[in-house]
Structure formats: structure tokens, C-alpha cells
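# Close look at the chain arrangement
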Amino acid sequence: MTIQIESTRLDQRVDELIRAQVAKTPGGVAVICGNESLTYAQLEARYEALAARLRGLGVHRGSLVGVHLDRSIDMLVAVIAIMRAGGAYVPPDPEFPAERLAYMVQDSGLDLVITHSWLANAAPVGTYRKLEIDKLETQAGTSAPAATNGAAPTSADLIYVLYTSGSTGKPKGVALEHRNVVNFLLSMQHEPGLKPADRLLAVTTLSFDIAGLELFLPLVTGASLVIGGRDEAADGVRLRELVEKHSITVMQATPTTWRLLIEAGWQGTSTFKALCGGEALPGDLARTLTTLCAELWNMYGPTETAIWSTCFRVPAGGAPILIGKPIANTGIYILDRSRRPVPTGIPGELYIAGAGVARGYLNRPELTSERFVDDPFSKAFGGRMYRTGDMGRYLPDGNLEFRARADNQVKVRGFRVELGEVESALTDHPRVKQAIGRVIELRPGDARLVAYVLADGEAPAAGELRDHLRTRLPQYMIPQHFIGVDAFPLTPNGKVDRAQLPHPQDAGT
Ligand code: AMP
């Protein structure tokens, strides 16, 4: 089924779609987190009060505002308030190391960060103003939208800037507009589909773009959102308790989180909708989930084209797992190295065009023009397409099959990692001459990041390398294994032959 969404609907902003639901169901439960819950009207009062405060602090159309908050209702209130004030949010995740937080603040030029007072010790280094959301007086708020600073916001304004791993050593900020996300949300309402009676559990960190589905899809639909804490999302038993306690009907997660839930003994329900994405969905996991749930969907897409660009309802019974068809107003081309379309059935690189294509990388025009290129195939899709680096092919029935990456980007427990960034952080160590990263799956579902290190003199111990990386990279980018080598194996044309590098089990790590 091709979902039709009129282009005029893309003139809206995400905060306007949420306000429309407040008007429809003011007394409905909008959000639950821990022991706290808010109706749609209460949520609106909270975010409008904060938006007024933000405007008072000078936030206007195009302002970038940092969200350095624990997972909480405050976090939701903050992101919507930033939108209401015309700004866009940037989430320096409290879990990230100081160096990365400082880089994000400086790179995006943040001059205001919303935070919790108890996170003061973990605050990013930089010169910006801090707004401690828990110290604000609870203001009555008003449901009427206050005037914005300057011209009225539009759907072509930025909604968020998210940092993803960068192959040359520094993360890059992907800048998305409201209309990118609005198209996505309206398409998701149809497929996989969400209804006002649904209760969706949000488990994803705000710095991963798929959190956008979790936080906004329920609120633009009139459904209820349950925000899981960081610890609950990482612990299968607590996650299961949360799913059962709140009678959750929809959850989106990476394969790792689905495995945690299943290993904790979750029995599923006959009405449950499971969305799995972020990396390839393994066959064994798909078979289990199709027996536990009413529906299992494989979701595919990069941050640069707004969350998910295709989806596929996985049939029960072990049929091939595809990534499906493009979502509304989205075109996917499979092209060869000369950017010519290849026939159905032949693999090539996926290029994505359409309403989801981001504005580009923040302050990185060269990188933007390298990855966001002219679309010579269709005028209908807005003239630009994003080069994904993913290899795949079209099948005769119009479904897409994902094959592999064409470069050194990998996924570790659902997180996107450029091996180049890990390698570059390792070679910052004074005794590391060269480093190579690789992902090796020891057992199904157990992917390990392995670093091969060529040292200058005596090789640093694994603990020392780990400490060195901890100050530079988020936890998920730190290799589980460090293997010292005297030389790297080379291919006949002189490139490092990653496939010939020793296996961690053979290397005894
Ligand atoms: P991110 O920007 O973190 O969402 O990562 C996007 C990349 O993750 C894609 O370009 C793919 O390489 C990979 N990916 C996401 N979803 C899937 C999926 N369902 N199957 C295979 N790979 C996926």
C-alpha cells in the first residue's frame, strides 16, 4: 500500500500537531514516567510555561537549545517547549564523556542548555547559560500560544540537531527540519500504525533519532506515552515489569533490547506491535517476536532522512526479512558506482530522496554536498537525495532487501559507530602508531567491537587504552577487546585486510 500524504500537510510543525491533539483530548493521559503522569492539557500548560520562559531568555526561530536532562517528563516538556519558542533542540547526553559534550556544545554554538540541577557536576564544559528546569517555579501556564520572538516559526525551521559518529574522527551534527519529521509521523500513523487507545513505551536515548518516533508519535495521535528510565531500558527484568505494569501495546527497540526483554521471560500479548530497527533484524529474533506479538515490523533508515525511511511487516514462519517499501513521499533508488540505476534484483547503493531528506550537516558544507547530492531521477521528491552507504536491492514485488554497508560504519547494540572515529581516538594515545577497528559477532546477538593496535614501542595495556578512550568516546564506542599486533595483514593492493586480523578468541582476549 502506498501511503498518500498531501504536501500541504507538510506545512505543519510537530508542535502544532501536538497542540491539535491537546484540543481534541485535553483530559486524556499524554505521558507517564515513574509515579508522575500528565494529561494533554497539563502537558501543554507545562511546555507553554517553559516556552514563555525560553522566549524571555531570547530563544527565537533558528535558536539551538541544549537538552542535558535525565529521562523524565521534564525532558519531554523541554523538547516541546523549545519547539514552541521557535528553536531546535540539541541533546548532549548526560552519559557522554566530557570531551564529547564540550565538542557538541562548541560545534553547535549552544548558548543556552536546559538541565537538571543534580547534573551540575556532569555539565558540558563551555560558555553558555544554564536553565535548571527543576528549580523553575511551577507556573500556571497558558494554553494560548504566546507571540514568538520575531517572525512566526514555519515547518522549514529546524526541529533538532543530532550528533552521529564521524568517520574522520569528529561527530557530525545532522540538522532536521519540522517538515521532515511531520512527513515521517503522518506516515507512521498509517504504517506500522498507531491509535489513540495505544500505549507506547519509550526506551531510546534522546540522542538517537529514533527517540523522535517514541516521543512524538503518541502525542500527535492522542495516544499515551510511557517514558522508561535509562536503567529500566537496559535491564530486561525491569523492562518487562514496565511493559506489563502499563499494559504497553507498542514498543520500538533495537535487536539488543528485544533480546533483553525476551531473555527476561516476557510472554508478549496477542495485541502487541513490535518495531525493530537500527540494525539488521536477525532471523532467530524475528521468529521469536512473531510468535509473541500480533505484529513485527522491521524499520530501516538513517538519521539523515528522518528516523525511518522504509518499513516491512515481517511475516510469521521464517520468510526472508526485508526492509520493505519507502514510507510516504519517499523515493529509494538503487544505484551503481556511477550513480546509474541498476535493474531489479541487482544490488547497489541505496539513495534516499523525498520529504525526509535533512537540511544537511551543521556547519559542514563540504560533507553535506558529499552525502546530499542532486536527485536527477525525480522532480517530485524535492531535488536532493542522500547517499546512505548501505547496499541493497529491489525484489520483483517492490520490496527492498538490505545487504551490507559499503564503508566502515558499523552498528554495535544498535548504536551507529564509525570505526574511523574509534581508530582516530586510539591514535591520539602517544604510544599508538596505528589502530584498526572491527565488529565481530561471537554468538548471534553478541557483537563485539575489537581494536587492533600497532604500538610504538611497548604496547599499552587494555586498561590504559580503555581509560584513554573513556574521556573521548561514549561507552558504546569503547572496544570490548584490544589486540596488539606487530604488523597489519595487507590485501594484494596494499589495504589492511580486516578479514585476516586475528579473532579475539584466538588472540586469547
Ligand atoms: P542511524 O543513523 O543511527 O539510524 O543508523 C542508520 C544505519 O543503520 C543505516 O544506514 C543502516 O546501515 C543501519 N540500519 C538501520 N536500520 C536497519 C535495518 N532495519 N536493517 C539493516 N540495517 C539497518
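Residues numbered from 1 in each chain as written. Predicted model: local features only at pLDDT ≥ 70, side-chain atom pairs only at ≥ 80, totals over all residues. Heavy atoms only, no water.

### Overview of the site of the ligand
- Around the ligand, the surrounding shell holds 17 residues, and the nearest of these are M299, T303, D390, K411 and R416.
- Measuring from a nitrogen atom of the ligand, one finds a backbone N or O atom of M299 at 2.7 Å.
- In the model, an oxygen atom of the ligand is placed 2.6 Å from a nitrogen or oxygen of the T303 side chain.
- The set of elements that each furnish at least two residues to the shell around the ligand consists of β13 (295–300), β21 (400–405) and β22 (409–412).
- In terms of residues, the shell around the ligand owes the most to one element, β13, which gives 3 residues. (Near = heavy atom within 4 Å. Polar contact = N/O pair within 3.5 Å; in protein donor to acceptor, adjacent residues only side chain to side chain. Helix = DSSP H or I, 4+ residues; strand = E, 2+ residues; numbered from the N terminus.)

### Observations regarding helix α8 (residues 236–245)
- Within α8 the residues assigned to the buried category are G236, L239, L242 and V243. Projection of α8 onto a plane perpendicular to its axis shows the buried side chains occupying an angular sector of 125°, all on one side.
- Where α8 is buried, its residues meet β9 (199–202), α7 (230–234), β11 (250–253) and α9 (255–263).
- One side-chain oxygen of the residue at the start of α8 lies 3.0 Å from the amide nitrogen of V237, identifying that residue as D235.
- A positive backbone phi angle near 45° is found at S247, which sits one or two residues after α8. (Buried < 20%, exposed > 50% of the residue type's maximum accessible area, 1.4 Å probe, protein only. Arc of directions from axis to C-beta. Contact = heavy atoms within 4.5 Å.)

### Re empty space enclosed by the protein
- Inspection of the entire model under this criterion finds 3 cavities of 30 Å³ or more.
- The volume enclosed by the largest cavity comes to roughly 80 Å³.
- Considering the residues around the largest cavity, the lining is formed by V67, L69, R71, M75, P91, P92, D93, P94, T205, L206, S207 and R230.
- Across the lining of the largest cavity, the residue classes tally to 7 nonpolar, 2 polar and 3 charged.
- The volume enclosed by the second largest cavity comes to roughly 60 Å³.
- If you go around the second largest cavity, you meet 13 residues; those closest to its centre are T305, S309, I327, T330 and G356.
- Counting residues per element, the ones that place at least two in the lining of the second largest cavity are α5 (178–193) and β17 (348–354). (1 Å grid on protein atoms, 1.4 Å probe; cavity = no way out; pocket = protein on both sides within 12 Å on 5 of 7 lines; lining within 4 Å. Points joined across faces, edges and corners; volume = space filled by probe spheres on them. Nonpolar A, V, L, I, M, F, W, Y, C, P; charged D, E, K, R; others polar.)

### Quick look at the layout of surface pockets
- Quantified by volume, the second largest pocket comes out at close to 750 Å³.
- Counting only elements with at least two residues in the lining of the second largest pocket, the list comes to α7 and α9.
- Its residues placed into classes, the lining of the second largest pocket shows 11 nonpolar, 8 polar and 8 charged.

### Looking at the pairing of strand β3 (residues 64–68)
- Burial of β3 is extensive: 5 of the 5 residues sit out of reach of the surface.
- Side chains of β3 alternate between two faces, with L64, G66 and H68 and V65 and V67 buried alike.
- Here 3 bridges tie β3 to strand β4 (residues 88–90), and the two strands are oriented parallel to one another. When the bridges of β4 are listed, L64 appears paired with A88.
- Handedness of the β3-helix α3 (residues 73–84)-β4 crossover: right-handed. (Pairing = 2+ DSSP bridges. Right-handed = clockwise from strand over helix to strand, strands pointing away.)

### Quick notes on unusual backbone geometry
- Residues E191 and P192 are joined by a peptide bond in cis, for which omega reads 0°.
- In this fold, P192 is placed in helix α5.
- Residue I307 is not a glycine yet carries a positive backbone phi of 75°.
- With respect to the secondary-structure elements, I307 resides in the loop between β13 and β14 (310–313).
- Notably, R413 is not glycine yet its phi reads approximately 50°, a positive angle.
- Along the chain, the position of R413 falls in the loop between β22 and β23 (415–418).
- Overall, the relative accessible area of 33% leaves R413 in the partly exposed class.

### Examining the sheet that holds strand β12 (residues 273–277)
- Judged by pairing direction, the sheet is mixed, and its 9 strands sit side by side in the order β2-β1-β10-β9-β11-β12-β13-β14-β15 without closing on themselves. Looking at strand neighbours, the two that pair on one side only are β2 (36–39) and β15 (325–326), the edges of this open sheet.
- Summarising the sheet, β14 and β15 pair through 2 bridges and their orientation is antiparallel. Considered in β15, the bridge of T310 is made with P326.
- This element, helix α6 (residues 211–219), spans β1 (29–33), β9, β10 (224–227), β11 and β12 of the sheet and lies at about 155° to β9. (Axes fitted to C-alpha atoms, helices over the stretch in contact; angles between N-to-C directions.)

### Examining the confidence of the model for the chain
- Taken as a whole, the chain shows an average pLDDT of 94; of its residues, 97% reach a score of 70 or greater.
- Across residues 139–143, where pLDDT falls below 50, the model places 9 contacts with residues more than four positions away in sequence or in other chains. (pLDDT = per-residue confidence, 0-100.)

### Thoughts on the pattern of salt bridges
- Counted under the stated rule, the structure contains 33 salt bridges.
- Its salt-bridge partner being R19, residue E48 comes within 3.6 Å of it at the nearest N-O pair. Remark: R19 occurs in helix α1 (residues 14–24) and E48 occurs in helix α2 (residues 40–56); sequence separation between them is 29 residues.
- For R19, a relative accessible area of 23% gives the class partly exposed.
- A salt bridge links R259 to D284, with the shortest nitrogen-to-oxygen separation between them at 2.9 Å. With R259 in helix α9 and D284 in helix α10 (residues 283–292), the pair connects residues that are 25 residues apart, well separated along the chain.
- One network of salt bridges, with partners in common, ties together R13, D15, R19, E44, E48, R61, R84 and D157. (Salt bridge = Lys/Arg side-chain N within 4 Å of Asp/Glu carboxyl O.)

### Regarding the packing of aromatic side chains
- As enumerated under the stated definition, the model contains 11 aromatic pairs in all.
- Measuring from ring centre to ring centre gives 6.2 Å for W258 and W266, while their planes differ by 35°; the resulting arrangement is tilted.
- For W258, a relative accessible area of 0% translates into the label buried.
- Consider the rings of F415 and Y476, whose centres lie 4.0 Å apart with planes at 10°: the pair is stacked. Linking F415 in strand β23 with Y476 in the loop between α13 (462–470) and β26 (481–484), this pair joins segments that are 61 residues apart in sequence.
- In this structure F415 comes out as partly exposed when scored by relative accessible area, which is 25%.
- Through pairs of rings, three or more aromatic residues link up here, namely F208, F415 and Y476.
- Seen from the ring of F96, R100 lies directly overhead, with NZ or CZ sitting 5.7 Å from the centre. (Phe/Tyr/Trp six-rings, centres within 6.5 Å; stacked < 30°, edge-to-face > 60°. Lys NZ or Arg CZ within 6 Å of the ring centre and 35° of its normal.)

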